[in-house]
Amino acid sequence: MASLENPEESKWLDDLPKVISCGMTLRQWKGSWLPEPGLKALKRMDAHFRPLQDDVLVTSFPRTGTTWLMALTFAILHRSSQLGKSRTTADPLLTQNPHELILSLEYRLYRETATPNLDQQYSSSSPRIFQTHLSYTQLSERVKESGCRVIYIARNPKDTLVSFWHYWNSNPRRPSISFEELFEAFCKGTVVHGDYYDHVLGYWKERNNNVFFITYEELTKDPVKHVRRLAEFLGCADLTKEEVGAIVWRCSFERLSTAESNSGGRVDYFGFPFSSYFRKGEVGNWKNYLTPRMAEMLDEITQRKLMGTGLQFG
């Protein structure tokens, strides 16, 4: 394992804009705010990550439906005939959280080592599936030019904010933050991974043959339709109606939220309980948390940021 101590990394970080937000020190690079460990990993990725044409990247702003999309992607690409026919067959999604099955580039692979052995880790898996919360501008040119498939999920910013707050405060290793504090930072764009709207629009503008864009609201409203679309994008257009139905069921909130992999006090590498990835999954839950003034402010920001883009959250 290569040493992560690198004086040049520290100097590079010291030269970046800094802000203290929600109890965290964040640095800005290519328009987005990240904690220093994430930026160090990003620097290593730029130097060492060699994407393949058949790689798949599951991308998102945090708390927008990432875990669901990861589960669906894994289920589509690792389907088997017997899983499509039997609801009792052993399923990796019942024993491992999706974040264990699909590893984060910046928070797992390149955080733990400067040169992870991807050939060994993915020796029997094709295509390789990675997860990232990086903005489109932070993706390396090698990723953009590789032809690998990028899947992006977005969610109503008000529900994203509420989910972000609950998730953050579920970790006993971190100081809790008030909803008002996070709301203010979210509106300013000084949260982990930066301005929500810039992040979403970066991928929205790049949607083409290699970028699949879906909203959480669309997926919730008609999962069968959009899982079919996702499967076709991933090169699995041969899925039968029964297989699509089985994948939707396998990855449903009701099934995964009660699975052994997502309960029982298990925590991820940052100390977040795996249960925190499956809180409610409801559309419109923000109404229980945002004051009328908060909702109006976010609606005004959303209208201004998305005007003329054609993007809507349903």
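Residues numbered from 1 in each chain as written. Predicted model: local features only at pLDDT ≥ 70, side-chain atom pairs only at ≥ 80, totals over all residues. Heavy atoms only, no water.

(A) Structural context of the overall build of the protein chain. Within the protein chain, the regular secondary structure consists of 17 helices and eight strands. A compact globule built from 314 residues should have a C-alpha radius of gyration of about 20 Å, and the protein chain, at 19 Å, falls within 12% of that. Principal-axis analysis of the C-alpha atoms gives the protein chain an extent of 55 × 50 × 45 Å. Per-residue burial over the protein chain gives 55% buried out of 314 residues. Looking at the protein chain alone, contacts between residues at least 24 apart form 75% of all its contacts between residues at least 6 apart. Summed over its atoms, the accessible surface of the protein chain is roughly 14,600 Å², and 49% of this surface lies on carbon and sulfur atoms. In the protein chain, 39 positive and 37 negative side-chain charges are present, and the distance between their average locations comes to 2 Å. (Helix = DSSP H or I, 4+ residues; strand = E, 2+ residues; numbered from the N terminus. Rg over C-alpha atoms; globule rule 2.2 N^0.38 Å. Buried < 20%, exposed > 50% of the residue type's maximum accessible area, 1.4 Å probe, protein only. Contact = heavy atoms within 4.5 Å. Areas by Shrake-Rupley, 256 points an atom, 1.4 Å probe, with all protein chains shown as cover. Lys, Arg positive; Asp, Glu negative; His and termini not counted. Charge placed at Lys NZ, Arg CZ, Asp CG, Glu CD.)

(B) A look at the pairing of strand S3 (residues 32–35). Burial of the side chains of S3 extends over both faces: Ser32 and Leu34 are buried on one face and Trp33 and Pro35 on the other. Where strand S2 (residues 24–29) lies against S3, four bridges are found, and the strand directions are antiparallel. Directly across from arginine 27, in S3, lies its bridge partner leucine 34. Linking S2 to S3, which pair antiparallel, is a turn of two residues; within it lysine 30 sits at a positive phi near 55 degrees. (Pairing = 2+ DSSP bridges.)

(C) Summary view of helix H17 (residues 292–306). Relative to the 21 Å expected for 15 residues at 1.5 Å per residue, H17 spans 21 Å between its end C-alpha atoms, a close match to the ideal helical length. Residues of H17 that are buried sit in contact with helix H10 (157–168), helix H11 (179–188) and helix H12 (196–204). Looking one or two residues past H17, glycine 308 carries a phi angle of roughly 85 degrees, positive in sign. (Expected span 1.5 Å × (residues − 1).)

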